[in-house]
Amino acid sequence: MLEVRESLSTSVIAGVMSTGLSLVRCDWRVSVSHGWECLDRAGLVVRGHSLSRHKLNVEQSESVASLTSREEKELNGGLSIRPSLSISPHAWAVEGDSVTLSCEITDASSNWTFLWYRDVQYREDLPSFKHRGGYYSARLLPDSSRGAGGSYTLSPAALQHTGLYVCRAEGGEPAYQTEVSEAVIFLVLGLSPPASLVIRPNRSQHFTHNSLSLRCEVQDNSTGWRLRWLTARQERTVCPDGWESEAGPTCSTKSPEQLDSGLYWCASESGRSNAVNITVTSGDVILESPAHPVTEGDPLTLRCLSRNSTSTFSADFYEGGSLLQTQTTGEMTIPAVSKAHEGLYKCRHPELGESPESRIRVISETLYPPFPLIGHSPMHVYS
């Protein structure tokens, strides 16, 4: 049950939810159309349509003000702590691998217990977290107590483990919970996925307001395939809101927006494809790079592209923040990729600035069949 209390300076919704969440508060516009939205002190969002014990006049309320700094500290045990989440050995895995999620916290003064969450299909009765401008429902992972020591193991990794993960810690006297960590995307690659996601144009980064098309290409004669996504757009139809649905199944848009950035994959009752991570930017520079893994020994070309010009220009290429090369042609080629080439890459235009970063993944040919790369050539793999 959620209780409402009044403070001298603000109207505050604060209480303990039956799901075990910590104290919550409202600090933005209350909308009649979808009830109230409250932000708990761990950074999770709680939604509802009614309040018990007291009524909040949503028709007249323009907003509910934030708590004062003193009140915030009182509600959170006097601390504002945010843990850091990492995944090892990589933030991606092949089916059957074992990976470890680590939740680290700098404050060692409390006997912390760690809680682990991942995104699930939107449910109003669940808390949610924010990532890239969108809100995602969060569900406590099964056997979350396994992570009490600051780590949680997924073994063996399966395609359904692909998604967004966050962690938080609880401890102290009296007991309280920290903020949630930044969300981390975890990708699991199938050994023999029954379908592939084909992207046009054939790249991972895309400019806003430039056409984008996603198609599910099926390996056998199975039916019922459709596009799925994990972006700031809610999943209510066969395609993201504002996109067009075509046979194939295909979803396309002539004007993608930044909120279209995120994970995409194909799914049916027969299984699911590997997921790809797409970035849509309003900037003037993108890096043409792969999201599907590149096979060891294959050549790879990275290109720096400008929004408003197809002319050749000199570009700097970076990996992990360090300058790799400066190429007058605007592209760099790795003749034969190896595991050492894995990392985050970006490029810089001499006048227009930098592109977003994209991750390059390298995998052994024996682990990754050729089918998921239908439509790719070795020199030009999309993301």
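Conventions we followed
- Residue indices follow the written sequence of each chain, beginning from 1 at its first position.
- Restriction of local features to residues with pLDDT of at least 70 applies here, the model being predicted, together with a cutoff of 80 or more for giving and counting side-chain atom pairs; totals for whole chains, interfaces and linings are based on all residues.
- Only hydrogens and water are removed before side-chain values are computed, so all heavy atoms of the structure are retained for them.
- Paired strands are those between which DSSP finds at least two bridges.
- Only DSSP runs of H or I with at least four residues qualify as helices, and only runs of E with at least two residues qualify as strands; both kinds are numbered from the N terminus onward.
- Every axis in this analysis is a line fitted to C-alpha atoms, fitted for helices over the stretch in contact. Angles between the N-to-C directions lie between 0 and 180 degrees.
- The salt bridge criterion pairs a side-chain nitrogen of Lys or Arg with a carboxyl oxygen of Asp or Glu, the two atoms within 4 Å.
- For each residue, the accessible area found with a 1.4 Å probe, counting protein chains only, is set against the maximum for its type, and the residue is called buried under 20%, exposed over 50%, and partly exposed in between.
- Defined by distance alone, a disulfide is two cysteine sulfur atoms within 2.5 Å.
- To form a nonpolar core, buried Ala, Val, Leu, Ile, Met, Phe, Trp, Tyr and Cys residues must be joined to one another through side-chain atoms within 4.5 Å.
- The contact criterion used throughout is that any non-hydrogen atoms of two residues lie within 4.5 Å.

Draft legend 1. Representation of the sheet that holds strand β27 (residues 300-306) in the model. Taken in spatial order, the three strands make up an open sheet running β25-β27-β30, and their pairing is antiparallel. Sheet topology places β25 (285-288) and β30 (331-334) at the edges, where each strand pairs with a single neighbour. With strand direction ignored, the average angle separating the axes of adjacent strands in the sheet is 15°. Bridging between β25 and β27 involves four bridges; their strand directions are antiparallel. Paired with V285 across the two strands is S306, which belongs to β27.

Draft legend 2. Fine view of the pattern of salt bridges. Counted according to the given criterion, the structure contains eleven salt bridges. A salt bridge links R215 to E217; the nearest nitrogen and oxygen atoms lie 2.3 Å apart. Look at R215 and you get partly exposed, because its relative accessible area is 27%. Residue classification places E217 among the buried residues on the basis of a relative accessible area of 18%. A cluster of three or more residues bridged by salt bridges with shared partners is formed by R233, E257 and D260.

Draft legend 3. Molecular detail of the environment of F317. Structurally, the position occupied by F317 is in strand β28 (residues 315-319). Note on F317: relative accessible area 1%, which makes it buried. For F317 and M332, which are 15 residues apart along the polypeptide, the C-alpha to C-alpha distance reads 7.7 Å.

Draft legend 4. Quick look at the state of the cysteines. All chains considered together, the criterion is met by four disulfides. Across a sulfur-sulfur distance of 2.0 Å, C239 and C251 are joined as a disulfide pair. Around the S-S axis, the bridge from C239 to C251 shows a dihedral of about -80° and counts as left-handed. Here C239, found in the loop between β19 (226-230) and β20 (244-246), pairs with C251, found in strand β21 (residues 250-253); they are twelve residues apart in sequence, far enough to count as distant. Like C239, the residue C251 is buried in the burial classification.

Draft legend 5. Main features of the side chain of S268. Along the chain, S268 turns up in strand β22 (residues 262-268). Looking at S268, the relative accessible area reads 16%, which means it is buried.

Draft legend 6. Just the sheet that holds strand β12 (residues 151-154), in detail. The sheet built from three strands is open, its strands ordered β6-β8-β12 with antiparallel pairing. Edge positions in the sheet fall to β6 (84-88) and β12, since each of these pairs with one other strand and no more. Across this sheet, the average inter-strand angle for adjacent strands is 20°, counted without regard to direction. Two strands pair when backbone bridges link them, and β6 and strand β8 (residues 99-104) are joined in this way by five bridges, in the antiparallel orientation. The residue of β8 that forms the bridge with S88 is T100.

Draft legend 7. Representation of the nonpolar core within the structure. Core analysis: the largest hydrophobic core is formed by 22 residues, its most contacted members being L101, W116 and F186. Elements that contribute at least two residues to this core include exactly β6, β8, β9 (113-120), β12, β13 (163-171) and β15 (184-189). When neighbours within four sequence positions are excluded, F186 is seen to be in contact with I87, H90, A91, W92, A93, V99, L154, H161, T162, G163 and Y165. W92, L187, L189 and L263 belong to the second largest nonpolar core, which has 19 residues in total.

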